[in-house]
Every structure is written in C-alpha cells, then in structure tokens.
Amino acid sequence: MARVELHEVLRRRRMVRRYDAGRPVEPEALQRVLAAALRAPSAGASAGRDLLVLRTPAQRELFWAETTRDRPGPADAWLTGMRAAPVLVLCLADPGAYAARYAEKDKPGPDRDAASWDTPWWDVDTGMAALLLLLAAVDEGLGACLFGVPAAAHDGLRAAFGVPAGRRFVAAVSLGHRAPDEASRPSRTVRRTLADVAHDGRFGEPWDG
C-alpha cells in the first residue's frame with residue numbers, strides 16, 4: 001500500500017466510529033500499526049506501556065460485555081458501530097517502570113521519586129503511543145477511534161484478560177475498515193484554529209504567524 005506524507009496523514013485523521021464487520025484487518029497492516037506505537041517518546045526512556053490486542057470475536061465480546069454492564073437498554077448507534085471493529089487495542093500504562101527508572105543513579109534530583117510527580121508521565125507517554133496508533137492506521141488505509149475505558153470495568157477487565165494490578169487503563173483504540181457510509185458522515189465538531197490556541201510570548205497575546 002502506498003504511504004502518504006505526514007501532513008496528509010494529519011489532514012485525514014479523524015475518529016471512526018462505524019466499521020465494516022466483514023473486512024478484517026490484514027495481519028501485516030496490524031503489525032505495522034502496533035510497531036508504530038513503539039516510536040513514541042517516554043520520560044527517561046522508561047517505556048512503561050503495554051498494548052493488549054483483542055482480535056478474536058470471543059475476546060472482543062468479552063471486552064464489550066465487561067464495559068457495557070451499566071449501559072441501560074439496547075445498544076445505541078455508537079456502541080453498534082464500535083462493536084463492529086475487528087481489532088481493539090487497550091493502551092496500558094506502567095507507573096512502576098517509571099519509579100524504577102527514576103530511582104537509578106543516573107537520575108539525580110527532585111524527580112527521582114516518581115510518586116511525587118505532578119504530571120503522571122506514564123499516562124502522557126501512553127497517550128502519545130495511542131496517537132501514533134491513530135496516525136499509523138491512516139497510513140494503512142484503516143479507520144481508528146480512541147475512547148475511554150469505564151473505571152467500573154477495570155477490575156473485570158483485569159480478571160478477564162490477566163492484566164497486572166500495577167497497570168493503568170489509559171485508553172482503548174478500535175481499528176478496522178470504515179463502514180461504507182462512515183466517510184460521508186459530517187463532523188459535528190468545530191475545530192479550534194491556530195489563532196485560538198497559540199499565544200505569542202505571553203498568554204493572551206494573539207498569534208499572527
């Protein structure tokens with residue numbers, strides 16, 4: 001498959017919430033998407049993240065069963081579309097890897113105690129790995145969506161899939177081919193512009209490029 005330039009990948013990236021259940025993700029494409037996540041940076045090269053890949057019908061059904069126990073009534077349009085995704089990737093953070101890394105001798109200073117950090121960099125770094133999954137999916141001609149994992153489902157998921165107690169559920173990413181009508185569905189989100197987001201030297205100073 002022909003690759004596209006980065007700016008084109010960024011332009012095409014959007015959350016896909018409806019998938020073609022009849023089209024599996026090719027193993028080679030899935031391998032490349034997962035490998036892209038390894039290129040994400042991490043604080044101190046701690047690399048404290050794991051990807052739990054669910055790609056069999058039984059695995060996916062177990063995930064959805066655990067995460068939708070508290071949803072009343074029949075499945076809505078979002079859940080129906082997402083359940084059709086042939087691959088789910090659970091993005092897990094490992095705070096212990098950061099605590100161990102920053103306790104080493106080459107990490108002196110106030111940051112040595114990872115438990116005292118104001119910013120949980122294990123979550124940030126895992127989020128960056130998830131973003132690379134989203135971008136790599138575009139490069140492979142796939143659709144993807146990042147979504148949260150309900151806190152009430154964490155214990156059930158740990159038991160169902162053998163997730164260690166020290167891992168944190170940061171997000172999940174669905175992967176698959178878009179449903180035929182997904183591309184035509186208009187976005188309901190108005191994107192903020194660079195002028196809305198960028199501040200020039202002092203907060204509130206407009207960015208004029």
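Residues numbered from 1 in each chain as written. Predicted model: local features only at pLDDT ≥ 70, side-chain atom pairs only at ≥ 80, totals over all residues. Heavy atoms only, no water.

Engineer: Explanation requested: the overall build of the protein chain in the structure shown.
Structural biologist: Within the protein chain, the secondary structure is distributed over eight helices and four strands. Starting at the N terminus and ending at the C terminus, the protein chain contains elements arranged as α-α-β-α-α-β-α-α-β-α-β-α. Taking the principal axes of the C-alpha coordinates as reference, the protein chain spans close to 55 × 50 × 40 Å. Considering the protein chain as a whole, with its 209 residues, one finds that 41% of them fall into the buried category. Taking contacts inside the protein chain between residues at least 6 apart in sequence as the whole, the part at least 24 apart equals 81%. Within the structure as shown, the protein chain displays about 12200 Å² of accessible surface, and the carbon and sulfur contribution to it stands at 55%. With 29 positive and 27 negative side-chain charges, the protein chain shows a separation of 3 Å between the mean positions of the two kinds. (Helix = DSSP H or I, 4+ residues; strand = E, 2+ residues; numbered from the N terminus. Buried < 20%, exposed > 50% of the residue type's maximum accessible area, 1.4 Å probe, protein only. Contact = heavy atoms within 4.5 Å. Areas by Shrake-Rupley, 256 points an atom, 1.4 Å probe, with all protein chains shown as cover. Lys, Arg positive; Asp, Glu negative; His and termini not counted. Charge placed at Lys NZ, Arg CZ, Asp CG, Glu CD.)

Engineer: Teacher, can you tell me more about helix 5 (residues 95-102) here?
Structural biologist: One full turn of an α-helix is made of 3.6 residues, so residues set three or four places apart face in the same direction. For helix 5, the full list of buried residues reads Pro 95, Tyr 98, Arg 101 and Tyr 102. One face of helix 5 carries all of its buried residues, which in axial projection span an arc of 125°. Where the residues of helix 5 are buried, they touch strand 2 (87-93), helix 6 (121-139) and strand 4 (168-176). (Arc of directions from axis to C-beta.)

Engineer: Is there a simple way to explain the side chain of His 177 in this structure?
Structural biologist: With respect to the helices, strands and loops of the structure, His 177 is situated in the loop between strand 4 and helix 8 (194-197). Only 3.5 Å separates the side chain of His 177 from the backbone oxygen of Pro 24, close enough to count as a polar contact. Those residues within four positions of His 177 in sequence are excluded, and the remaining contacts are Arg 18, Tyr 19, Asp 20, Arg 23, Pro 24, Glu 26, Gly 141 and Leu 142. (Polar contact = N/O pair within 3.5 Å; in protein donor to acceptor, adjacent residues only side chain to side chain.)

Engineer: I'm lost on the pattern of salt bridges in this one. Help?
Structural biologist: Charged atoms that come close allow side chains of opposite charge to pair. This structure, assessed with the given rule, holds eight salt bridges. Note that Arg 69 and Glu 66 form a salt bridge whose closest N and O atoms lie 3.0 Å from each other. Given the relative accessible area of 59%, Arg 69 is considered exposed. Residue Glu 66 is classed as buried on the basis of its relative accessible area, which comes to 15%. Here Arg 101 ties to Glu 104 by a salt bridge, and the two come within 2.9 Å at their closest N and O atoms. In this structure Arg 101 comes out as buried when scored by relative accessible area, which is 18%. For Glu 104, a relative accessible area of 39% puts it in the partly exposed group. Sharing partners across several salt bridges, the network here consists of Asp 50, Asp 94 and Arg 167. (Salt bridge = Lys/Arg side-chain N within 4 Å of Asp/Glu carboxyl O.)

Engineer: What is the right way to look at the sheet that holds strand 1 (residues 49-54) in this model?
Structural biologist: In sheet architecture, strand pairing relies on hydrogen bonds along the backbone and comes in two forms, parallel and antiparallel. Pairing within the open sheet is antiparallel, and its four strands lie in the order 1-2-4-3. Whereas interior strands pair on both sides, the edge strands pair on one side only; in this sheet they are strand 1 and strand 3 (143-147). Neighbour to neighbour, the strand axes of the sheet diverge by 20° on average, direction disregarded. Note that strand 3 and strand 4 share five bridges and pair antiparallel. Paired with Leu 146 across the two strands is Val 173, which belongs to strand 4. Its contacts with the sheet put helix 2 (residues 27-37) on strand 1, strand 2 and strand 4, and the angle it makes with strand 1 is roughly 160°. (Pairing = 2+ DSSP bridges. Axes fitted to C-alpha atoms, helices over the stretch in contact; angles between N-to-C directions.)

Engineer: Where do I start with the packing of aromatic side chains in this structure?
Structural biologist: Aromatic ring pairs are reported here in terms of the distance separating the ring centres and the angle at which the planes meet. As enumerated under the stated definition, the model contains nine aromatic pairs in all. Ring geometry for Tyr 102 versus Trp 117: centroids 4.8 Å apart, planes at 90°, classification edge-to-face. You can see Tyr 102 sitting in helix 5 and its partner Trp 117 sitting in the loop between helix 5 and helix 6, a full 15 residues away along the chain. On the accessibility criterion, Trp 117 (15% relative accessible area) is buried. An angle of 20° between the planes, with centres 5.6 Å apart, marks the rings of Trp 117 and Trp 122 as stacked. With respect to burial, Trp 117 and Trp 122 carry one shared label: buried. (Phe/Tyr/Trp six-rings, centres within 6.5 Å; stacked < 30°, edge-to-face > 60°.)

Engineer: Would you explain the nonpolar core in this entry?
Structural biologist: Generally speaking, soluble globular proteins have nonpolar side chains that are buried together. Membership of the largest hydrophobic core comes to 22 residues, with the highest contact counts inside it found for Phe 63 and Leu 90. When residues of this core are assigned to their parent elements, the largest contribution, three residues, is made by strand 2. When neighbours within four sequence positions are excluded, Phe 63 is seen to be in contact with Leu 54, Leu 88, Leu 90, Phe 147, Leu 157 and Phe 161. Val 89, Leu 133, Val 173 and Leu 175 belong to the second largest nonpolar core, which has 20 residues in total. (Core = buried A, V, L, I, M, F, W, Y, C linked by side-chain atoms within 4.5 Å.)

All we've got here are geometric facts, nothing functional implied.
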